[in-house]
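A closer look at the structure
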Amino acid sequence: MPQGVQNEELKLQAEQIHKAFEQEFERFVRLTSTLTTGGVSLSEAEGLFVELDEFEKRVTGKKSELSALKKMVGRIAAEDRAAFGQLIQSIESNIRTKLSDTRQALEAFIEAARTERDRIDVTLPGTRPKEGHLHPLTLVRQKIENIFVSLGYIIEGDREIETDFYNFDALNIPAAHPARDPQDTFYTTDGLALRSQTSTVQIHAMERRGVPIRMIAPGRVFRRDTPDATHNPMFFQVEGLCVDRGITMAHLKGTVGEFLRQMYGPGTKTRFRPSYFPFTEPSAEFDFTCFKCDGIGCALCKGTGWIELGGCGMVHPNVLRTVNIDPEEFTGFAFGFGIDRMCAMMFGLDDIRLLFENDIRFLEQFR
Ligand code: 2NL
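Procedures and definitions
Residues numbered from 1 in each chain as written. Predicted model: local features only at pLDDT ≥ 70, side-chain atom pairs only at ≥ 80, totals over all residues. Heavy atoms only, no water. Salt bridge = Lys/Arg side-chain N within 4 Å of Asp/Glu carboxyl O. Helix = DSSP H or I, 4+ residues; strand = E, 2+ residues; numbered from the N terminus. Near = heavy atom within 4 Å. Polar contact = N/O pair within 3.5 Å; in protein donor to acceptor, adjacent residues only side chain to side chain. Areas by Shrake-Rupley, 256 points an atom, 1.4 Å probe, with all protein chains shown as cover. 1 Å grid on protein atoms, 1.4 Å probe; cavity = no way out; pocket = protein on both sides within 12 Å on 5 of 7 lines; lining within 4 Å. Points joined across faces, edges and corners; volume = space filled by probe spheres on them. Nonpolar A, V, L, I, M, F, W, Y, C, P; charged D, E, K, R; others polar. Buried < 20%, exposed > 50% of the residue type's maximum accessible area, 1.4 Å probe, protein only. Pairing = 2+ DSSP bridges.

1. Section: the pattern of salt bridges
Within the structure shown, the criterion is met by 28 salt bridges. In this structure, Lys57 and Asp53 form a salt bridge, with 3.8 Å as the shortest nitrogen-oxygen distance. Of this pair, Lys57 and Asp53 both sit in helix 2 (residues 42–60), 4 residues apart, roughly one helical turn. In this structure, Glu156 engages Arg209 in a salt bridge whose closest nitrogen and oxygen atoms are separated by 2.6 Å.

2. Re the site of the ligand
Around the ligand sit 14 residues in total, of which Gln202, Glu239, Phe279, Gly311 and Ala334 are the nearest. Contact distances for the ligand include 2.8 Å between a nitrogen atom and a side-chain N or O atom of Glu239. Residue Gly311 places a main-chain N or O atom 3.4 Å away from an oxygen atom belonging to the ligand. Here the ligand loses 89% of its free accessible area of 490 Å² to cover by the protein chains.

3. Structural notes on the layout of surface pockets
A volume near 1,100 Å³ is recorded for the largest pocket. Along the walls of the largest pocket sit 42 residues, with Ser196, Arg223, Phe235, Gln237 and Phe277 positioned nearest its centre. For the lining of the largest pocket, the secondary-structure elements that each account for two or more residues are helix 7 (199–209), strand 5 (234–244), strand 7 (280–289), strand 8 (306–315), strand 9 (331–338) and helix 10 (339–346). The dominant element in the lining of the largest pocket, judged by the number of residues it contributes, is strand 8, at 7 residues. The volume enclosed by the second largest pocket comes to roughly 600 Å³. The wall of the second largest pocket is formed by 25 residues, among which Leu300, Lys302, Ile307, Arg341 and Met345 lie closest to the centre. Among the elements that make up the lining of the second largest pocket, the one with the highest residue count is helix 10 (4 residues). Its residues assigned to classes, the lining of the second largest pocket comprises 13 nonpolar, 3 polar and 9 charged.

4. Digging into the pairing of strand 7
Counting buried residues along strand 7, 7 of its 10 residues qualify, which places the element largely inside the surrounding structure. Sheet topology note: the strand 6 (residues 270–277)/strand 7 ladder contains 7 bridges and is antiparallel. Its bridge partner being in strand 7, Phe277 is matched across the sheet by Thr280. Taken together, strand 6 and the strand that follows it, strand 7, pair antiparallel across an intervening segment of 2 residues. The sheet contact formed by strand 7 and strand 8 spans 8 bridges and is antiparallel. Note on strand 8: the bridge partner recorded for Thr280 is Val315.

5. Some thoughts on the pairing of strand 4 (residues 213–222)
Within strand 4, 8 of the 10 residues are buried, leaving the element largely enclosed by the surrounding structure. Sheet topology places strand 1 (residues 154–155) next to strand 4; 2 bridges connect them, and they run parallel. Residue pairing across strands places Ile154 opposite Met215, the latter belonging to strand 4. Direction of pairing for strand 4 relative to strand 5: antiparallel, over a ladder of 10 bridges. Its bridge partner being in strand 5, Arg220 is matched across the sheet by Phe236.

What follows is the structure in structure tokens.
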């Protein structure tokens, strides 16, 4: 091929490459021009940026047609070489400028769009987290616990499923006692029982810690009652125990009295009525002056001025002996009462089952 024809041929090729670039690049120009008018989303712009990158490599890279053409410059006749070189150079610089302008515009847009996406308005009011609150039984239990802690008592807890030994024998409850009846106590198929009072916790504690001891045991207990307004097969109880040298019934009366004064106000009076429990001797039931009418008589105390709360007494010597404590050296008192009933009275509930139904409309009133 004569030299002149070949030169023409290369020039044509160069112009074709340029034209092909312009054609394919048109799309980038069009899309980039709509960036400011909101016609392109961030993810579209990010996609376009990747495509532009690939396009640039294909058009200006080592294996591009442009780069192949540049290698031909040396083969051009000396007199035409400068002109051809200039042509190639101007094509290349045109391509590079356009690519870099578009790249810059895209980069600026992506940067701004990302900043906008990630921005937070720190002056906006916060969304208040939904706060939980304590169950009314927990509120009452904590109030009781705080009082006894202030009197030097520790709070103990233990298992809810027990052997007959802890539930009955250790408490001096005879084999034929009605409390042991499967009609009254929940038994498992292998002879364990759901505890029917938290005295079990106190037996464990005396075994583990020895004496002297001052403790309360709040917790769930279980009895086979048919549920009604005042009964539930699972309820909550607090039992207290104090064993030391020289403990008398006066300490019992003083402690129960102080507890009730802290619970219901300094004017609260306490009275004991003789009673019977297998695990205490002597035993008593205790009442306190109605916190609603101050002992005058109202609907809550059924006109008597007194509210019956629980039972108490001096720990039976048999109970002490069972846990290897010498009743000649140590004496103690114990008491027990239901938290549920106390809670129901304090909040004026007419049905104890409200405390176990987990009806949010009821519970939310204690927020
Ligand atoms: C009641 C009566 C009472 C006790 C619980 C007790 C515990 C030990 C030894 C002796 Cl380890 N007694 N507890 C004593 C008297 C009464 O509860 O009416 N509870 C609801």
